[in-house]
Amino acid sequence: MTKEQLIKRKNEYLDWELGVFFHFGIRTFYEGHIDWDMKEMPASAYNPTELDCEQWIRTIKAGGAKYAVLVCKHHDGFANWPSKYTDYSVAATPWRDGKGDLVREFVDACRKYDMNIGLYYSPAQFGSVKMDHKEYDDYFINQISELLGNYGKIDYLWFDGCGSEDHEYDTVRIVKAIRDLQPELMIFNMWDPDTRWIFNESGIAALDDGCMADSLGFSVQTDRTDALGELLFLPGECDCKIRANWFYGDADIPTLKSLEELWGIYLSSVGRGCNLLLNIAPDRRGLIGEEDAKRFLELHERVEREFSDPFMTLKDFRIEEGEAYVNDVRFDNAKLLKYIVLEEDLSEGESHITDFTIELAPVEFGTNKLIHKGFAVGHKMIVPLPYLAANGFTVRITGWRGDHYKLKDIKVYACDRF
């Protein structure tokens, strides 16, 4: 891709905002197994007799998701497609009489429902399989080539650093193979990244995370960071789980997150300029459970209810050099302010804003009061307000990189006080 095409692609990615992670594999059928416990999980147990990827994608599309990421191979090495390079795959299971291909069913469902397609692949060596670095690079490239060469256009490739902390990869050769197969592909966080991880699996971005970064985190198993050498336009993604664990387990059934907790996660991820990738683990039937689906739809309903009808937008603001503000507006009737949402123009492939403030004009006399001091804006910064009564307010951009910044939009959400 050219630089302009890559910038456009990254902005498209940010517009996706909400995606769903699907952890489904051999571990789905072995209750209580965890990463790296090295317990054997024979392929014979894998038999999701009601598996329906269209049910997965219909559900998340109704819930506002714009992309889906399927775990194709997790750290255990089991391949959710009939890979020619391992005997540990769906071809060795009773599911579909050994002729099934979960990756195929997943990508077909995504295309049917116009969902952006993401594939997850754990690079880690697994179980008792031991190869030298060159042999494993070959294995890695062979399997990635199957995933990127046999299923049409893929939008997003998600690499997980866990288990690779001490492994040496021929990253130049690996990246070339990937880019040759899928030139428009977005890569998550490793080697030649287009997007980045936010250093936790709780779905929480920092107020100053934005979409610029000069280093990358590697995995939850290390504090290691990889310096990039410069500040780059790398959209952030917050991954987290709708329940306590990544894969389905009977013991996990009571741990479904409440709507209020998911709402807080949404405000702390999408509301801080990052994408939210929320994991929903299909059960042993091969279906999204009713309660998980219901909760995901409730989250979407909350988003729609809160952000469907802005009281003011950018056209209601006067923009001056170095400052964007409501020109000391006084509402005809006092308003209860709920949210102020800032969006930066990222069409040049850079976020400039580093500091901003929000001041409120009190209802009962007095001067404007500072009620929020913010940092990065990037794709979107949602500032929640506790239904504050106001006669007006001011947004000021007080710091930025370079000689300019440009706002794409400001949205204000409010309701009448009385």
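In this report, the structure presented in the accompanying data block is examined.

Definitions and cut-offs
- Residues numbered from 1 in each chain as written.
- Predicted model: local features only at pLDDT ≥ 70, side-chain atom pairs only at ≥ 80, totals over all residues.
- Heavy atoms only, no water.
- Pairing = 2+ DSSP bridges.
- Helix = DSSP H or I, 4+ residues; strand = E, 2+ residues; numbered from the N terminus.
- Contact = heavy atoms within 4.5 Å.
- Axes fitted to C-alpha atoms, helices over the stretch in contact; angles between N-to-C directions.
- Left-handed = near helix turned anticlockwise from the far one by under 90°.
- Buried < 20%, exposed > 50% of the residue type's maximum accessible area, 1.4 Å probe, protein only.
- Right-handed = clockwise from strand over helix to strand, strands pointing away.
- Salt bridge = Lys/Arg side-chain N within 4 Å of Asp/Glu carboxyl O.
- Phe/Tyr/Trp six-rings, centres within 6.5 Å; stacked < 30°, edge-to-face > 60°.
- Polar contact = N/O pair within 3.5 Å; in protein donor to acceptor, adjacent residues only side chain to side chain.
- Lys, Arg positive; Asp, Glu negative; His and termini not counted.

Some thoughts on the sheet that holds strand E4 (residues 156-159)
Ordered in space as E5-E4-E3-E2-E1-E10-E9-E6, the 8 strands form an open sheet in which the pairing is parallel. Edge positions in the open sheet fall to strand E5 (186-188) and strand E6 (196-197), since each of these has one partner strand only. Sheet analysis places E6 next to strand E9 (residues 236-241), joined by 2 bridges and oriented parallel. Paired with Arg196 across the bridge in E9 is Gly236. Strands strand E1 (18-22), strand E2 (67-73) and strand E3 (116-121) of the sheet are contacted by helix H3 (residues 102-112), whose axis makes an angle of about 155° with E3.

Considerations on the packing of helix H2 (residues 53-62) against H3
Contact pair H2 / H3: the axes reach a minimum separation of 8 Å and the direction vectors enclose 40°. For the pair H2 and H3, the crossing hand works out as right-handed. Along its contact with H2, which presents Cys53, Glu54, Trp56 and Ile57, the element H3 presents Leu102, Glu105, Phe106, Ala109, Cys110 and Lys112.

Examining the pairing of E2
The element E2 is largely enclosed, with a buried count of 7 among its 7 residues. Summarising the sheet, E1 and E2 pair through 4 bridges and their orientation is parallel. By the bridge assignment for E2, Phe22 is matched with Leu70. Between E1 and its parallel partner E2, the chain crosses via H2, and the hand of that crossover is right-handed. Relative to E3, E2 is paired through 6 bridges, and the arrangement is parallel. Each bridged residue has a counterpart across the sheet, and for Lys73 the counterpart in E3 is Tyr121. Between the parallel pair E2 and E3, the chain is carried across by H3, and the sense of this crossover is right-handed.

As for the sheet that holds strand E15 (residues 369-374)
The sheet built from 3 strands is open, its strands ordered E15-E14-E17 with antiparallel pairing. Looking at the sheet topology across the chains shown, the edges are occupied by E15 and strand E17 (392-400). Put simply, the sheet's adjacent strands are angled 20° from each other on average, direction ignored. Note: strand E14 (residues 353-361) against E15, 5 bridges, orientation antiparallel. Within the sheet, the bridge partner assigned to Ile358 lies in E15 and is His372.

Considerations on the pattern of salt bridges
Throughout the structure, instances matching the rule amount to 31 salt bridges. For Asp409, the salt bridge identified is with Lys411, shortest N-O distance 3.2 Å. Neither residue differs from the other here; Asp409 and Lys411 are each classed as buried. Salt bridges linked by common partners bring Lys8, Arg9, Glu12, Lys153, Asp155 and Glu184 together as one network.

Looking at the packing of aromatic side chains
Scanning all chains against the criterion turns up 35 aromatic pairs. Centroid distance Phe140 to Phe159: 5.7 Å. Interplanar angle 85°. Geometry classified as edge-to-face. Remark: Phe159 occurs in strand E4 and Phe140 occurs in helix H4 (residues 133-149); sequence separation between them is 19 residues. The exposure class of Phe159 is buried, given its relative accessible area of 1%. Their ring planes at 55° and their centres at 5.1 Å tell us that Tyr169 and Trp191 sit as a pair that is tilted. Within this pair, whereas Tyr169 is found in the loop between E4 and helix H5 (171-181), its partner Trp191 is found in the loop between E5 and E6, the two being separated by 22 residues in sequence. Members of the aromatic cluster, connected to one another through ring pairs, are Phe22, Phe24, Phe29, Tyr46, Trp56, Phe78, Tyr88, Trp95 and Phe106.

Focus on the environment of Met131
Counting through the fold element by element, Met131 comes out in the loop between E3 and H4. Sequence separation between Met131 and Phe317 is 186 residues; the distance between their C-alpha atoms is 62 Å. For Met131, the residues in contact, after removing those within four places along its chain, are Gln125, Tyr136 and Tyr139.

Focus on H2
Turning to H2, its buried residues are Cys53, Gln55, Trp56, Ile57, Thr59 and Ile60. Packed against the buried residues of H2 are E1, E2, H3 and helix H7 (290-307). Among the residues of H2, the N-terminal cap falls to Asp52, whose side-chain oxygen and the backbone nitrogen of Glu54 are separated by 3.1 Å. Remark: Gly64 follows H2 within two positions and exhibits a positive phi of approximately 90°.

Quick look at unusual backbone geometry
Backbone geometry follows two general trends: most residues other than glycine have a negative phi, and most peptide bonds adopt the trans configuration. Here Asp114, not a glycine, exhibits a phi torsion of approximately 55°, which is positive. Mapped onto the elements of the fold, Asp114 is located in the loop between H3 and E3. We classify Asp114 as exposed; its relative accessible area is 63%.

Structural notes on the side chain of Asp252
In this structure, Asp252 sits in the loop between E9 and helix H6 (259-267). Buried and without a salt bridge, Asp252 has Arg243 as its closest oppositely charged side chain, separated by 5.3 Å. Side-chain polar atoms of Asp252 contact the side chain of Asn245, separated by 3.3 Å. A distance of 2.6 Å separates a polar atom in the side chain of Asp252 from a polar atom in the side chain of Thr255.

So far we have only geometry, and geometry alone does not tell us how the molecule works.
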